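# Structure at a glance
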Amino acid sequence: MILLALFAVPAAANSAEYFVSEDGTVLTANATLINQSTFLLMKPGFLGEEIALPVDNLTIQNESGIVEFTQNGKTVSFPAGNYTLNYSAKIENGLIYLRYAEPYNVSIYLPEKFQTGHLILGTVGNGGVVSSSDNSSYGSMVTFENTNTASLTFYDDVREPLLYLFLGIWGVVFVIAGVRYFRLKRKPIRDF
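Bear in mind that the values here come from a model prediction, so they are computed numbers and not experimental data.

## Overview of empty space enclosed by the protein
Any empty space left between atoms is shown by rolling a water-sized probe over those atoms. If you walk through the whole model with that rule in mind, you get 2 cavities of 30 Å³ or more. By volume, the largest cavity amounts to about 50 Å³. Lining the largest cavity are Y18, F39, L40, L41, M42, L53, Y87, Y97, L98, R99 and Y100. Elements represented by at least two residues in the lining of the largest cavity include exactly strand 2 (26–40) and strand 9 (95–110). Ranked by the residues each element gives to the lining of the largest cavity, the list is headed by strand 9, at 4 residues.

## Re the pairing of strand 1 (residues 14–20)
The two faces of a sheet get side chains in turn, since along a regular strand they alternate between them. For strand 1, the tally of buried residues reaches 5 of 7 residues, placing the bulk of the element in the interior. Relative to strand 2, strand 1 runs antiparallel, the two being bridged by 6 bridges. Its bridge partner lying in strand 2, A16 is registered against A31. Linking strand 1 to strand 2, which pair antiparallel, is a turn of 5 residues; within it G24 sits at a positive phi near 75°.

## Side note on a nonpolar patch on the surface
Taken together, the side chains of V158, L162, Y164, L165, F166, L167, I169, W170, V173 and F174 define a hydrophobic patch exposed on the protein surface, amounting to about 1000 Å² of accessible area. With respect to the secondary-structure elements, F174 resides in helix 2 (residues 159–186).

## Side note on the layout of surface pockets
Its volume calculated, the largest pocket comes out at about 240 Å³. K43, P44, K90, E92 and L95 are the residues nearest the centre of the largest pocket, which is lined by 14 residues in total. Residue composition of the lining of the largest pocket, grouped by class: 9 nonpolar, 2 polar and 3 charged.

## Remarks on the packing of aromatic side chains
Inspection of the entire model under this criterion finds 11 aromatic pairs. Arranged with centres 5.0 Å apart and planes meeting at 70°, the rings of F114 and F154 form a pair that is edge-to-face. Placement of the pair is F114 in strand 10 (residues 114–115) and F154 in the loop between strand 12 (140–153) and strand 13 (155–156), with a sequence separation of 40 residues. An angle of 40° between the planes, with centres 5.9 Å apart, marks the rings of W170 and F174 as tilted. Separated by 4 residues within a single helix, W170 and F174 lie in helix 2, roughly one turn from each other.

## Re the environment of L58
Tracing the chain through its elements places L58 in strand 5 (residues 55–62). It is 9.9 Å that separates the C-alpha atoms of L58 and V76, two residues lying 18 residues apart in sequence.

## A few points about the pattern of salt bridges
On inspection of all chains with the given rule, the structure shows 2 salt bridges. Residue K43 pairs with E92 through a salt bridge whose shortest N-O separation is 3.5 Å. Residue K43 is found in strand 3 (residues 42–44), and its partner E92 is found in the loop between strand 8 (75–90) and strand 9; the two are separated by 49 residues along the sequence. You can call E92 partly exposed: its relative accessible area is 42%. R99 is paired through a salt bridge with E50; the nearest N and O atoms lie 3.1 Å apart. One end of the pair, R99, is in strand 9; the other, E50, is in strand 4 (residues 50–52), with 49 residues separating them in the sequence. Residue class for E50 comes out partly exposed when judged on its relative accessible area of 26%.

Reading guide: rules and limits
Residues numbered from 1 in each chain as written. Predicted model: local features only at pLDDT ≥ 70, side-chain atom pairs only at ≥ 80, totals over all residues. Heavy atoms only, no water. 1 Å grid on protein atoms, 1.4 Å probe; cavity = no way out; pocket = protein on both sides within 12 Å on 5 of 7 lines; lining within 4 Å. Points joined across faces, edges and corners; volume = space filled by probe spheres on them. Helix = DSSP H or I, 4+ residues; strand = E, 2+ residues; numbered from the N terminus. Buried < 20%, exposed > 50% of the residue type's maximum accessible area, 1.4 Å probe, protein only. Pairing = 2+ DSSP bridges. Patch = residues over 30% accessible without salt bridge, like charges linked within 9 Å, V, L, I, M, F, W, Y side chains within 5 Å. Areas by Shrake-Rupley, 256 points an atom, 1.4 Å probe, with all protein chains shown as cover. Salt bridge = Lys/Arg side-chain N within 4 Å of Asp/Glu carboxyl O. Nonpolar A, V, L, I, M, F, W, Y, C, P; charged D, E, K, R; others polar. Phe/Tyr/Trp six-rings, centres within 6.5 Å; stacked < 30°, edge-to-face > 60°.

Take a look at the structure:
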């Protein structure tokens, strides 16, 4: 029994890498599929429902070359096997949403000028870890281990100072309004 455990080979995991373009408008995907026959392409709709993600240049290939596939809404289907899947998709409002039928190890690479992980501006989905990129062309990366869903929003360098400026202006407005209210409340009302 122990001898069998020594020779057991761990199963390879499905993995996917995503690269955000320099201007933050295009997401390029490269996924490694192990013994798979489907892949999901979806994004959140206006009310949070999952809708089909339109993609460009979708290719699925194995060691024999490019494989034929069918796409029915959110699901891409192909014969079961080991493949490399590539595509590019438009990014809207800095939101990246990924969903998988099986668990995947996911890495999302962001260019130097984009950040994520801020409570208001750039949230990271459950299980996401933000770190410095292991790819010198990118500033940071977000990794998800063994997940069926990965999501994040990112923002550029300009948005954080603008947020604090906006909050500061509203803070001043509330202080002025509060002082004005308490001053009026202290004064007795005079009859004419």
